[in-house]
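Observations on the three-dimensional arrangement
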Amino acid sequence: QSVCLDQSLECLSHPFLLSGFMTCLQSFTVSENCMTKVPHFVVSNVPNLEEIIIGSMCFCHSRLDSNVFKVLNCSHLNKISIGNYSFHLYSVFKLLSLPQLKTLVIGWSAFTRVTSFQLTGRFIAVRLLQISLCCNLFRWGTSRSGLAG
């Protein structure tokens, strides 16, 4: 019911997709300094997933022009925690249709090159209880930012 990825996956360099085929998964964790070269991180339609925990310095060395972080349609997800410097070079940040999301924690210097930022769904006004954002986030500015409830 839980998956923890460690540094043995450090050299992985293709997109990471976690989708509905893992219907029993409740917790997904990526250890520090893991999956550093992965260009896209997408979690979609994992119905029982409750938390995503990403350590520091993960998904941080991809050299593509458009690196995407997207989590969508996870009906039981209530916590997302992202460590320092993770997703450092990613340009797209999207959280969509996460009705139970209560906690969003993003560490120091994560997502510093984001040009597209989107939070969409009921969690914005109703369920999101804790947002913890450290310094140097979204430093490059968001040209197409949006919040929708």
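Residues numbered from 1 in each chain as written. Predicted model: local features only at pLDDT ≥ 70, side-chain atom pairs only at ≥ 80, totals over all residues. Heavy atoms only, no water.

Below, the discussion takes up the side chain of Ser91. Relative to the assigned elements, Ser91 resides in the loop between strand 7 (79-82) and strand 8 (92-96). Discounting chain neighbours no more than four positions away, the residues touching Ser91 are Asp65, Ser66, Asn67, Arg113, Val114, Thr115 and Ser116. (Helix = DSSP H or I, 4+ residues; strand = E, 2+ residues; numbered from the N terminus. Contact = heavy atoms within 4.5 Å.)

Next up on the list: the packing of aromatic side chains. A full pass over the atoms with the stated rule returns 14 aromatic pairs. Between the aromatic rings of Phe69 and Phe87, the centroid separation amounts to 4.9 Å while the plane-to-plane angle is 70 degrees, which identifies the pairing as edge-to-face. One end of the pair, Phe69, is in strand 6 (residues 68-72); the other, Phe87, is in the loop between strand 7 and strand 8, and 18 residues separate them in sequence. For Phe69, a relative accessible area of 1% translates into the label buried. For Phe87, a relative accessible area of 0% corresponds to the buried category. On the numbers, 5.2 Å between centres and 70 degrees between planes, the contact of Phe69 with Phe111 is edge-to-face. (Phe/Tyr/Trp six-rings, centres within 6.5 Å; stacked < 30°, edge-to-face > 60°. Buried < 20%, exposed > 50% of the residue type's maximum accessible area, 1.4 Å probe, protein only.)

Looking now at a nonpolar patch on the surface. On the surface, Met57, Tyr85 and Trp108 cluster together into a nonpolar patch covering about 260 Å² of accessible area. Along the chain, Met57 turns up in the loop between strand 5 (51-54) and strand 6. (Patch = residues over 30% accessible without salt bridge, like charges linked within 9 Å, V, L, I, M, F, W, Y side chains within 5 Å. Areas by Shrake-Rupley, 256 points an atom, 1.4 Å probe, with all protein chains shown as cover. Salt bridge = Lys/Arg side-chain N within 4 Å of Asp/Glu carboxyl O.)

Moving on, we come to the environment of Pro39. In this structure, Pro39 sits in the loop between strand 3 (27-30) and strand 4 (40-44). Considering only alpha carbons, one finds Pro39 and Phe87, 48 residues apart in sequence, at a separation of 9.1 Å. The contacts of Pro39, once residues within four sequence positions are left out, are Ser13, His14, Pro15, Ser62, Leu64, Asn67, Val68 and Tyr90.

On to the state of the cysteines. Taken as a whole, this structure holds zero disulfides when the rule is applied. Sulfur of Cys34: no disulfide; nearest cysteine sulfur belongs to Cys58 and is 5.8 Å away. For Cys34, a relative accessible area of 0% corresponds to the buried category. (Disulfide = S-S within 2.5 Å.)

Next up on the list: the nonpolar core. Of all hydrophobic cores here, the largest spans 36 residues; its most connected members are Phe28 and Phe41. Those residues in contact with Phe41, other than ones at most four positions away along the chain, are Phe16, Phe28, Ile52, Ile54, Phe59, Val68, Phe69, Lys70, Val71, Phe87 and Tyr90. (Core = buried A, V, L, I, M, F, W, Y, C linked by side-chain atoms within 4.5 Å.)

Among the five residues in strand 8, four count as buried, and that is most of the element. By the bridge criterion, five bridges tie strand 6 to strand 8 in an arrangement that is parallel. Following the sheet pairing, Phe69 is matched in strand 8 by Phe93. Here strand 8 runs beside strand 10 (residues 116-120); their pairing, made up of five bridges, is parallel. Residue pairing in the sheet places Leu96 in a bridge with Thr120 of strand 10. (Pairing = 2+ DSSP bridges.)

Here we come to the confidence of the model for the protein chain. The predicted coordinates of low-pLDDT regions are not to be read in fine detail. With 77% of its residues at a pLDDT of 70 or more, the protein chain has an overall mean of 82. By mean pLDDT, strand 12 (residues 146-148) is the weakest element of the protein chain at 47, and strand 5 is the strongest at 97. For residues 141-149, every residue scores under 50 in pLDDT, and the model assigns this stretch 20 contacts once sequence neighbours within four places are set aside. (pLDDT = per-residue confidence, 0-100.)

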